[in-house]
Amino acid sequence: MKKIAVFGSGNGSNFQAIIEYFQGKNIDFTCCSDKKDSYIHERAKNLSVKNFYVPFENTFEFIKKNPFELIVLAGYMRILPISIIKTANVINIHPSLLPAYKGINAIKKSYLDKSPKTGVTVHQVSEDVDSGNIIAQLPVSISDNMSLWEFETAIHKAEHFLYPRVIEHLLFKVPLIELLGENQRESVIIW
Ligand code: GRF
């Protein structure tokens, strides 16, 4: 059975979308957070997924003891050391069309700019923040009169759609295009 870890520091909505997408499929998920009180733990309990508080300084040891086929970062607010990136396959989701709006507050920054370059990106994790090879992107446009909250909701909806499908593509070598519905086939940018 494939062993996958999802690392998050906060809300965990992407984690939940991933677990729900793979429900009934044979994948052994582990939820890890560097924050003891993060809501992702609650979600893991409600979804009956193993969950661990992994202090950042123990992360390398934890991963060495528990090798995972894929490490999925979902709102994980730490920069993984090179030792981990070199030994594990790690991916991340970022709420912009990288390379635009790297770093924190990408949603608010792109909203305030009324940027046409908005959307979400799933990428490999490399040494530099939000800079690894891009796997896929899904653009989200900011329509007139859209509030920040509405835009944020649209971004999260795009994340929850794209991330599980990219994970399935990576794990089972299914072409990503086959995992997209008719409507998204033209929107998703596959690298
Ligand atoms: C997402 O917007 C993701 O792109 C970013 O952090 C946020 C995490 O949200 N890296 P959640 O914890 O999955 O709800």
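Before reading on, note that the structure itself is shown above.
Quick caveat, the model's predicted, so the values are computed rather than measured. Numbers given to residues run from 1 along each chain, matching the order in which its sequence is written. The predicted origin of the model limits local features to residues at a pLDDT of at least 70 and limits the giving and counting of side-chain atom pairs to 80 or more, whereas totals for whole chains, interfaces and linings rest on all residues. Excluding hydrogens and water, the side-chain values take into account all heavy atoms of the structure.

Explain the packing of helix H1 (residues 13-21) against helix H2 (residues 39-46) to me, and be specific about the residues and the numbers.
Only C-alpha atoms enter the line fits that serve as axes; for helices the fit covers just the stretch in contact. Angles between N-to-C directions range over 0 to 180 degrees. Numbering of helices and strands starts at the N terminus; helices are DSSP runs of H or I of at least 4 residues and strands are runs of E of at least 2. It is the contact of H1 with H2, at a shortest axis distance of 9 Å, that shows an interaxial angle of 20°. Relative to H2, the element H1 lies roughly parallel. Here the hand of the crossing between H1 and H2 comes out right-handed. Residue-level inspection shows Ser13, Phe15 and Gln16 of H1 in contact with H2, the latter providing Ile40, Arg43 and Ala44. When grouped by side-chain class, the residues that make up the contact of H1 with H2 number 3 nonpolar, 2 polar and 1 charged. For classification purposes, angles smaller than 35 degrees are called roughly parallel, those larger than 145 roughly antiparallel, those between 65 and 115 roughly perpendicular, and all remaining angles oblique. By convention, the crossing between two helices is left-handed when the near helix turns anticlockwise from the far helix through less than a right angle, and right-handed when the turn is clockwise. Any two residues having at least one pair of non-hydrogen atoms within 4.5 Å are treated as being in contact. Asp, Glu, Lys and Arg are counted as charged, while Ala, Val, Leu, Ile, Met, Phe, Trp, Tyr, Cys and Pro are counted as nonpolar; the rest, among them Gly, fall into the polar class.

Account for the nonpolar core, naming residues and giving values.
Take the buried Ala, Val, Leu, Ile, Met, Phe, Trp, Tyr and Cys residues and link them wherever side-chain atoms come within 4.5 Å; each set so joined is a nonpolar core. Buried means the residue's accessible area, taken with a 1.4 Å probe over protein chains only, is under 20% of the maximum for its type, while exposed means over 50%, and partly exposed covers the values in between. Judged by nonpolar contacts, the single largest core of 42 residues is most densely connected at Phe15, Phe29, Val72, Tyr163 and Ile167. By residue number, the principal contributor to this core is helix H6 (residues 148-172), which donates 9 residues. Discounting residues that sit within four places of it in the chain, Ile167 has contacts with Ile18, Phe22, Leu70, Val72 and Ile91. Counting 16 residues, the second largest nonpolar core, distinct from the first, contains Val54, Leu73, Ile85 and Val125.

Before we move on, can you summarise the site of the ligand with the specific residues and values?
Every residue near the ligand is listed here: Asn11, Gly12, Ser13, Asn14, Gly75, Ile93, His94, Pro95, His156 and Glu159. A 3.5 Å cut-off defines polar contacts: any pair of N or O atoms within that distance qualifies, except that in protein one atom must be a possible hydrogen donor and the other a possible acceptor, and neighbouring residues in sequence count only when both atoms are side-chain atoms. Contacts to the ligand include Asn11, whose side-chain N or O atom sits 3.2 Å from an oxygen atom. One of the side-chain N or O atoms of Ser13 is found 2.6 Å from an oxygen atom in the ligand. When the free accessible area of the ligand is taken as 370 Å², the share hidden by the protein chains comes to 84%. Of the two site types, the cavity is a set of points on a 1 Å grid over the protein atoms alone where a 1.4 Å probe fits but cannot get out, and the pocket is an open set with protein on both sides within 12 Å along at least five of seven lines, each lined by residues with an atom within 4 Å of a point. Grid points define the cavity or pocket, and a molecule sits in it when more than half of its atoms lie within 2 Å of them. Applying the majority rule of atoms within 2 Å of the grid points places the ligand in the largest pocket. When the residues that make up the shell around the ligand are grouped by side-chain class, the tally is 2 nonpolar, 7 polar and 1 charged. Working definition: residue near molecule or strand if any one of its non-hydrogen atoms lies within 4 Å of it. Areas reported as accessible are Shrake-Rupley estimates using a 1.4 Å probe. Residue values count occlusion only from the protein chains shown.

Lay out the pattern of salt bridges with the relevant residues and their values.
Between Lys or Arg on one side and Asp or Glu on the other, a salt bridge is scored when a side-chain nitrogen of the former is within 4 Å of a carboxyl oxygen of the latter. Tallied over the full model, the rule gives 8 salt bridges. Taking the shortest distance from any N to any O, the salt bridge between Lys25 and Glu168 comes out at 4.0 Å. With Lys25 in the loop between H1 and strand S2 (27-33) and Glu168 in helix H6, the pair connects residues that are 143 residues apart, well separated along the chain. When its relative accessible area of 11% is taken as the criterion, Glu168 is described as buried. Measuring nitrogen to oxygen at the nearest pair gives 3.6 Å for the salt bridge that ties Glu61 to Lys65. In this pair, Glu61 and Lys65 both sit in helix H3 (residues 59-65), 4 residues apart, roughly one turn of the helix. In this structure Glu61 comes out as partly exposed when scored by relative accessible area, which is 46%. The exposure class assigned to Lys65 is exposed, which follows from its relative accessible area of 64%. If you follow the salt bridges from partner to partner, you end up with Asp34, Lys35 and Arg78 in one network.

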